[in-house]
Structure formats: C-alpha cells, structure tokens
Amino acid sequence: MGASTLLLTGNIDTIAQMSCNPAIGGQAKGQMVREIDALGGEMAVNADVTAIQFRLLNESKGAAVQSPRAQCDKKAYQFRLKHTLELQANLQVFQATVTGLIFKESKVIGCHTNLDIDFIGQTVIVTTGTFLRGLMHIGQNKNEGGRLGDFSAKSLSASFLEAGIKLERLKTGTPPRLSGRSIDFSKMVEQKGDANPTFFAFYDTREESPLFHVEQTGERRLGWAPGTEQVSCWMTHTSPETAKIVRSNLSKSAMYSGEIQGVGPRYCPSIEDKFVRFADKPRHLLFLEPEGRSTNEYYVNGLSTSLPFDVQVDMVRSVPGLEHALLLRPAYAVEYDFAHPTQLFPTLESKKVENLFFAGQINGTSGYEEAAGQGLVAGVNAVNKMRGTPPMLLRRHEGYLGVLIDDLVTKGTNEPYRMFTSRAEHRLLFNHGSAELRLIEHSKAHGLLSPARIRNIEAKREQITYWIEFLETNRTKNGSWADHIRREQHEKAALPEAFIRESSAVRDEVLYRVRYQGYLAREQRQIAKFADIEKIRLSPTLDYLSIRGLRRESALKLAEAKPMTLAQASRISGVNPADISILMVMLSSKDKQGD
Amino acid sequence: MPRFTDTIAALATARGTSAIALIRVSGPEAARVTGAIFGLVPPARRATHADYRDLAGATIDDALFTFFPAAGSYTGEDAVEISCHGNPFIVQKVLEDLFARGCRAAQPGEFTQRAFLNGRMDLSQAEAVADLIHARSDRALAAANQLLRGGLGRRIQDLTDRLLGILAQIEAQIDFPEEDLPAEDRESARKAITRLLADTNRLLATSHYGELLREGIRTVIVGAPNAGKSSLLNRLVGHERAIVSEEPGTTRDFIEERIMAGPHGLRLVDTAGLNPTPGAVEKLGVEKSHAQMAGADLILLVVELGAPLPDLPESAWSRFKPSRTLLVVNKCDLSRPQLDYSLPEGIPMVQVSAKTGLGIETLVEQMIIMAGQIQTIDSEDFTVINARHADALSHAMAGLNAAASQLAANGHSELVASDLRGTLAAYGEIVGRIDNEQMLDQLFAKFCIGK
Ligand SMILES: Cc1cc2nc3c(=O)[nH]c(=O)nc-3n(C[C@H](O)[C@H](O)[C@H](O)COP(=O)(O)OP(=O)(O)OC[C@H]3O[C@@H](n4cnc5c(N)ncnc54)[C@H](O)[C@@H]3O)c2cc1C
Ligand SMILES: Nc1nc2c(ncn2[C@@H]2O[C@H](COP(=O)(O)OP(=O)(O)O)[C@@H](O)[C@H]2O)c(=O)[nH]1
Ligand SMILES: [Mg+2]
C-alpha cells in the first residue's frame, strides 16, 4: 500500500519467533494461512520455505476441511522473516520497548519508549502478544516476561486503562523442550511427512518462479526441496506412572494451587487438566516434534504443564522412550493482559481511541495464524483510516478471517480464542484452494497484490467458470460430464482430455464445485438471505437510545457494541429481528429526511 | 433504498369465527408462486377464483386470489392476496405450502415495513410503523413463549441436546484430526440420527395444537346403543357412512369423518355405545368408547327422547365437563314425553332428529361456539407461529434425512455436518438461535482435546 511504517519491537532478533510449537497451519489455520497469502501476507511463503515437514490433514473428511500443516525450522522461519522485513520498502524496524501511548483528545498520536525516544504517527497498531504484564509460572516459581527469556511490558497497560480500555487476564502454556540425543526413538512410532507436499502459498498465480523448490533463489535456499528428506515427528504416550506423578503433585501446580488467575483455553489443556477432567482415560498421546534442521531440540506436544521443574523431570521420564530424557527448557504457563475485542470495530480500530488499532494475542486470540490475519487487517485498515479510504471489512462468508474478526468484535471471548472450522457456518465454501478467488475483490480494492497477480487470479477464475459451464452442458454417456462426476464417488471419473491438461489448481476447484454443487448452492442461498442487511451501514455515532420503538435493553446493547452494519447488529446476542426491522425503518426515515 | 430479495407470506386476517382467511404474499417471487399454485398467469388486480393446488398437486381449497403488480401494491413490490376458507387447517396448509415454495414467514409488521421502505408511506408514518412492529413482535413473542413453556419447548430442547451430541462427535473428528479420539463411529451416529428423525416426526405429528389444526377437533359421539349416534353422524356428514341398524350395538369399530363447522375442522368419531351390561363381543367396543372419550376435545352425548341417561359408573361422569360436552336429545320427531336430566350444570342441550334433520342447524351452531372455545389459540400470530414451527420441524427432518443418507453412502463428514447444522438451525427457529458455542461446550466436555 506504500504507507511509511515504523515497526517497534523489544527485540529485533525475536521477530516472528514462535513461542510455542514451530508448526504453521493445521485445522482451519491452514486455510487461514492461504487466505493471508491471498491478501498479500508473508506467512505462507515463509512457512513453505522454512518447513521441514508437510502434512495435509483430514484428507478423508471432505475437501473443504482439508488443511495443510507444516512443521517449520524455528530459527529459519524467524530469520527469514526478519530479512524479509529488512528488504521491505517503506518499513523501518527499530528496537525499543514501548512504555506508553501519547494521546491527544480522544486520539492516539504516538508512543513513548524505554529509551526516552518518542515516536509520532497518524495511526498506531498494538501487537503486544503475551507480553503485557506477562507473568510466567513453573510451579511456585514466578518470572516476569511474555515468553521464556523475554521481557514483560509493564507500564503500557496503564496507558490503556487511562484511555478507558478494559483489560483482563488470560493464560496459556507450553511443554518442555528436550534434547534429541537423550530420546529413545526406537520406542516410538514415526510420523512422516507427505510425499507430495501441499504448500500454503499460491504459486500458480505468482508472477515469479512458480515453485520455489524448482528454481532455488538465494533467498529461498533455506527451505525444503525435492530430494531433501523431510524430518519426521514421533508419537508416544503417557504411562500409568505419568498419571500417578501428576495426580500426586497437583497441589504444586501453579494452575491448581490458585496461583494463576487467567483463564486458559479449553482446547489446549495442561497435562494436569487432562488427568483430572478425563480421569477415565488411561493414557494421552504425545508427539515429539523437531524444532529445526540444525538443532537437536524437540518439543513435547501434549505435555503442557505448570508443575514444578523437579516434577516435570519425573513426569517426562515416565514416558516410554523418554526414560533418560534431558530437559533443555522447562514447561511453563504464562499469564498476560488482553483487551476485550468487543471494544473494537471490525476494522480492528478501538471504539474508544481513534487511530488506535489492536491485533494478535492482545485481542484474546491464540495462535500464529490468528495473529497474522489480524495484523494484516489492522495494517490495511490503519492505512485506509489515515487516507480516508473505505475500510477492508471481511465478511463471515468470505473466509475464516472474516469469521475470526466478526466473532471477536461481535461476541468477544472468555478464553484464548482459536479458530476451528466448526466456527464457520459457511465452512463448505472455505476449501483452502479457493482463498484467492474468495478474497480477490479485497486484494484489488486495497492494492494488496501486484497487478500481474491479480490478472492471473482473474484468469484462473475465468478458466474455472469456463470449465464448470463446459462440464455442466456437454454430454458424455448418461448425461452431462458434471452428472458423471457427481455419480463417481472417487477420483475415478473419466474426464475430457483438455480438462486433464489444466493446472491442478483449476482442476481441483472445478471438481470441488461440481461435486458439491447442491451443498454450495444452499450456502449461497443462505448468504443471499442476509445480503440485504449486510449492505446497510450503521454510523458509530448513532443514538440508539433515542430511537422510538426500540426496546431499551436492545438499545443499550447496540450503543455499547456500535455495530458497523445491520447484519452485525443482528448477530449481537439479545438483539431480535423486530429490533432490526425498527432500525431499518428509522434509518431510512432519516435518509429520507436528508434528501 | 433497500430492495428485498426474499418473498414473505403471512395470514393477514385475525382468526376466530370469520369464515374467510386472507393470506398475503409480497416480494419478487409473488407472481411466479401464484402462477404455479393456480396454474395460470395471474391477471393484475382482478379477483380470480381457482383451486389452490399444493406442491404435490393436491387441491387444498378453492380460493379467491388477487395479484397486485409492484406499481400498485400496498408494499410497493409484487404482491398477491389469497382468500381461502377461514379454517385453521386450511390456513396452515396454505402457509406451509407457501414456505415450501420458498416464501419466508413474515416478521411481525413486515408488510408495513416494506411498504414504508419502498416509499409507499410518507415520513410521518415511520414512527407509527416502528410502534406497530414493536407491538406486534411483543404479542408474537408472548404467544410463542406460551407455546414453548409447554411440552413443545422441552421436547425440542431434548432433541437439540441430542443433536448437539451427535454433531460434537463429528465436529471433533473434523476439527481435531490429530487427537487421540475414539475411532469415528458412523454406524452409531446413523442410528442416533434415525432415532432423532423418528422423534422429530412424532413431535410434528402429535403436537396437540398441530393436531387440532391438522386433524380438527376430536368430537366423540357417545350414548346408549340405538340412541341414534350413527344416524347423527350420517346426518352431520351428509351421507351414509356409519352402519345404521335397528339391532343395538352394531357399531364396534370407530368410524371417523371430517366435517367443517363454520371455520372449524371437526373430526367426528362414532362409538359403539355405552352399555353397562354388554355381551362378550360388545364389551371390547364399550371399553374402546371410554378410551375415545378420554381423548376427546368435544363429546356429543346422545340420548333418545324419553329415555334416561345411560347407566354409567360414577367415575365415567367426570368426563362430561360442561366446556366440552353437549347433550343431544335425538328422535324428537317421535311424540314422547321429555325427561329431566340431572347433568353437571352448564352442559348445553339441543333437541334434534337425526332422521328428519330437525334441530341439526341449532346443533351445528352450538358446536361452532364450543369449538371456538376449545381453540382459544385464535390470534393471528398463533397460526403463523404454528405453521412456522411445523415448517421448521419439516426442515429439521430434511436435514436429518440427508445426513443419514450421507452416512449410509459413505459421504464426507463435512457434508454430514452441514446437513446436521441445517437441522440445528431449524430447531433453533423454534427455541431460539443455537450458538456454535453450545456445540463446542459439548465437544470439549466429552473429549480430551489439546496438546
Ligand atoms: C508460552 C506460550 C504458549 C503458547 N502456546 C500456544 C499454543 O499451544 N497454541 C497456539 O496456537 N498458540 C500458542 N501460543 C500463542 C502464539 O504464540 C501467539 O498467539 C502468537 O505468537 C501471537 O502473536 P502476536 O504477534 O500477537 O504476539 P507475539 O508473538 O507474542 O509477539 C509480540 C511481540 O511484541 C513485542 N512486544 C511486546 N510488548 C512490547 C512493547 N511494549 N514494546 C515493544 N515490543 C513489544 C515482543 O517483543 C514480541 O516480538 C503460545 C504463546 C506462548 C507465549
Ligand atoms: N324416529 C327416529 N329414529 C331414529 C332417529 N335416529 C336414529 N333412529 C333409529 O334408531 C335406530 C338406531 O340408530 P343408530 O344410528 O344405529 O343408533 P346407534 O346405535 O346409537 O348408532 C335405527 O333404527 C334408526 O333408524 C331419529 O331421529 N328419529
Ligand atoms: Mg351405531
């Protein structure tokens, strides 16, 4: 977009450092990474290039819920992205800790730093992750910091409170890291990567080299290439002994002793939680995942805990294959401040403080992909705000990013929010291959992709339309090609020669739409039902309490939520269809008055 | 200015004793739907008489309809008004058919709202429109709540919980493929869906209000053998249906006939007779008669002129509640002395002759009054809500059916889930929107998820 941007970080060397497991993608998140790529984000290419293992999840459950996932080289991922930022035009990176915001009236105009250097800007985006008053727990041991070995941003919270922004505590955790040398892999089950990896980025529409591993440029040499072995993960499980150790030490766990106030995610329970809440489950699966090619550090997926270090050691060593394991870093839980995302517009701008945007874990989410998606949206909208151009509003039926932002700003969250495919009512439209096609209007409107790539996407879209039409109207034996494809359950259906020669991106999308035609049409009908009210914009300054006929409790909720469209208003809990009808009537009577 | 893409339908007249019901349809599909129903291109602004045929091709009623092109209609969009008989059964059928054809149930005040938004009313009326929407929605809400407080709400809640359980299993497999979950059990999912389907169907079929509307008011004719019950039924129906015999106790199985009493649909049930000392064969029939009485909405107690009331055990008399019992003294063409009956106070008495038709009109009038009292649910909203519920339940069943066949045909889980979500939304239309969080709650409670 070409806006002059400053990136302030407490530590340049930890840009894009993955606090937890260095895995990108997976359920719903894999689709999000492709959406990020479709909107010009860096995450997809960065993951492709630095991945050490690729797997496509859910191959048997249907095309819409198939998700690419990659295990990345932690350091390579981080350094490549740092280098990408260094090469980015109009971006300046500077190392300093932000200690407070500078306000003027109800607007933000810049920030103070620990170096006593102030920075002034037209818009400010806050992405403090787990660092706001970050507090780490290992049993009774407490350390300040947003991540092991990192600092804690302590004074910044006061700035938010001063501006009337409500903060609350959340909690997350991470398992121990082990030395690979000390692991007995012979007692574990190997999990290999896919022979034909599914990449995150859309290479078929990029004007540059279509596949990075074919023409390795200097910058990309870090990544996986054909002929290079992918690295395996390993599966093992807890033993009865593990359960005994955990149970008899529960009182020492920071979580169970009441040390931690923050709310943790239900989908990411600590090992304590697992043995307490699912007492009848004899054992729990564990994955050993390599942190990189040039390190022997392993991540123990499934063993997140806040037990004291000595108990952690006993617990780890009770696992088959880990009898002699050496811990490189302990597991810990971290508590941090987050700002309720219902305090934001769908542009991710604060309702309270103009020009102040929030993105990432500070909004109550958890996960790299969720954070990256929000960062992209906040960035685009900060520029639009500054220039007075229309914001980028992603809608629920356009992709997971639309669902993510609508859920956050409309419903809020009480636990670290992670995307699931089941959160998307139009999930069937979100097959990962269609991300570019779904989001192209946004990329176009906000200049997020090069003109050449836009042209390529449009050409791809035309090809797809052409082939669907062709298959629906041309006959083979027993009806049209399309009927034939729908009858054949598997990939067995015979297809026209010219179609087979099409790129696999086009072919897959065409076959998907033909096969799922009935279901997709139903989704479209449901979307059309809301199209009318989706178009009606609501002003944030609308005085709901003065609208006659509106129930008072609805008016209060609307005044608090400040929805941007009538459709968003209709999703606020407690606002009923009659309220929406009344709003519609009163809004249009205002319009008429204005005429 | 908003343009609406959907077509709405609702009953416009208040229900009750009116003989004619007016159903209004408005939106871009109005012309097409009307054409399909009546099998002709609807002439503009001219009341036309034609048979209302439903999607399956069956005639529901002979109706009068008028088509108004957008330019001259109340709402400012294509609209049609359909007048049919004011019988709730017919009204419900028509609404259900309109929904099946793609119309949507209008929200309270929505016609007026559209009229306003389409520029058919001036600004000064906007607030009046808002007030109207407000008032109507309150009334509709009250009616819906009343309905849901009863068994219906509880049963839908139970269905919803079970569905959430099934869905949570499937979603867990989709969203957490790398977890150590119990293996996907499609067969038990399919069985659970089949049970849900049966129960949803039963709910649709047995919900009492639905039955009143669909099946009519159950009117059971009882009395001593030979009192003239079968003759009375025949007289009310207008043709020979029951076997009339001079030998007492001929009617052993029940004969049912549907008749219209004014706006109300009645289901007449003829019984064997209340004989305290029956022979072996009749005994069964008599027991059945008592059972029929227990399930009756309205009882016609028939006695022969000059004959005493049937000799019944004390307990049986408690069934004859004044609000739902009519004493019919038959054979008034004969010259016999009239006896005095000691019946619970308030039970109306009508004298008729099934043979000559004497007094039958008075009897029907009395039945209309009592039927009206039985169907106290006679506000406009009630029918709409009820038709909407039936519509929602049949959508729920469609989703369950589709999911079951996907499972049987080895279809993808994401499609099964999509169908089940359709069902969840349909239940939600009755008990209120069901948030995805509820599914996630079940999912995380049931499975140990997370690494
Ligand atoms: C211990 C732990 C466990 C986790 N476990 C999981 C998990 O199991 N699953 C999962 O999906 N996700 C997990 N996450 C979450 C995931 O790491 C984050 O959601 C994601 O990284 C958030 O991205 P972000 O950009 O919002 O913040 P971060 O990645 O936290 O980045 C914040 C950045 O802001 C900088 N910063 C902060 N405050 C200041 C300041 N005042 N001045 C200057 N710079 C500042 C920091 O230096 C850092 O570079 C975990 C995170 C942690 C810490
Ligand atoms: N005179 C006269 N006879 C009637 C009348 N109604 C029925 N009957 C006769 O009474 C007898 C018994 O009638 P039926 O309808 O079979 O009585 P049920 O046993 O109560 O069903 C038949 O012979 C009828 O013809 C009536 O209104 N007047
Ligand atoms: Mg008889």
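Residues numbered from 1 in each chain as written. Chains lettered and ligands numbered in written order. Predicted model: local features only at pLDDT ≥ 70, side-chain atom pairs only at ≥ 80, totals over all residues. Heavy atoms only, no water.

## Structural notes on the sheet that holds strand β3 (residues 48–53) of chain B
Residue and element names in this part refer to chain B.
For step 1, the next point in the chain: In space, the six strands of this open sheet follow the order β3-β4-β5-β2-β1-β6, with mixed pairing throughout. A single partner strand is all that each edge strand has here, and the edge strands are β3 and β6 (104–105).
For step 2, the next point in the chain: Where strand β1 (residues 8–11) and β6 come together, two bridges link them in parallel fashion. Bridging from a neighbouring strand, I8 pairs with R104 of β6.
For step 3, the next point in the chain: On the sheet, helix α1 (residues 30–38) packs against β2 (20–26), β3, β4 (59–68) and β5 (79–85) and is oriented at approximately 80° with respect to β3. (Pairing = 2+ DSSP bridges. Helix = DSSP H or I, 4+ residues; strand = E, 2+ residues; numbered from the N terminus. Contact = heavy atoms within 4.5 Å. Axes fitted to C-alpha atoms, helices over the stretch in contact; angles between N-to-C directions.)

## Focus: the site of ligand 1
All names here are of chain A.
For step 1, the next point in the chain: Lining the immediate environment of ligand 1, one finds 29 residues, of which G10, C20, V98, Q361 and G367 sit closest.
For step 2, the next point in the chain: In the model, a nitrogen atom of ligand 1 is placed 2.8 Å from a nitrogen or oxygen of the V98 main chain.
For step 3, the next point in the chain: Take S366: an N or O atom from its side chain is 3.2 Å from a nitrogen atom of ligand 1.
For step 4, the next point in the chain: Starting from 970 Å² of accessible surface for ligand 1 in isolation, the protein chains cover 88%.
For step 5, the next point in the chain: If you list the elements that add at least two residues to the shell around ligand 1, you get β12 (167–174), β19 (332–339) and α8 (368–387).
For step 6, the next point in the chain: Among the residues forming the shell around ligand 1, the class breakdown is twelve nonpolar, 16 polar and one charged. (Near = heavy atom within 4 Å. Polar contact = N/O pair within 3.5 Å; in protein donor to acceptor, adjacent residues only side chain to side chain. Areas by Shrake-Rupley, 256 points an atom, 1.4 Å probe, with all protein chains shown as cover. Nonpolar A, V, L, I, M, F, W, Y, C, P; charged D, E, K, R; others polar.)

## A word on the nonpolar core
For step 1, the next point in the chain: Counting residues in hydrophobic clusters, the biggest one holds 76 residues, and the most contacted among them are I24, F160, L356 and F358 of chain A.
For step 2, the next point in the chain: No other element matches the seven residues that helix α9 (residues 400–411) of chain A contributes to this core.
For step 3, the next point in the chain: Not counting chain neighbours up to four residues away, the residues in contact with F160 of chain A comprise L101, V126, L132, I165, L167, L356, F358 and I362 of chain A.
For step 4, the next point in the chain: Grouped together as the second largest cluster of nonpolar side chains are 45 residues, A390, V416, L420 and Y427 of chain B included. (Core = buried A, V, L, I, M, F, W, Y, C linked by side-chain atoms within 4.5 Å. Buried < 20%, exposed > 50% of the residue type's maximum accessible area, 1.4 Å probe, protein only.)

## Focus on the site of ligand 2
Residues and elements named next belong to chain B.
For step 1, the next point in the chain: Taken together, 18 residues lie around ligand 2, and N226, K229, S230, S231 and D333 are the ones closest in.
For step 2, the next point in the chain: Measuring from an oxygen atom of ligand 2, one finds a side-chain N or O atom of S231 at 2.6 Å.
For step 3, the next point in the chain: Contact between ligand 2 and S353: an oxygen atom at 3.2 Å from a side-chain N or O atom of the residue.
For step 4, the next point in the chain: When ligand 2 is considered free in solution it has 580 Å² of accessible area, and contact with the protein chains removes 89% of it.
For step 5, the next point in the chain: For the shell around ligand 2, the leading source of residues is helix α8 (residues 229–237), giving three residues.
For step 6, the next point in the chain: Residues belonging to the shell around ligand 2 are distributed by class as follows: six nonpolar, seven polar and five charged.

Function cannot be read off these values alone, since they describe shape.
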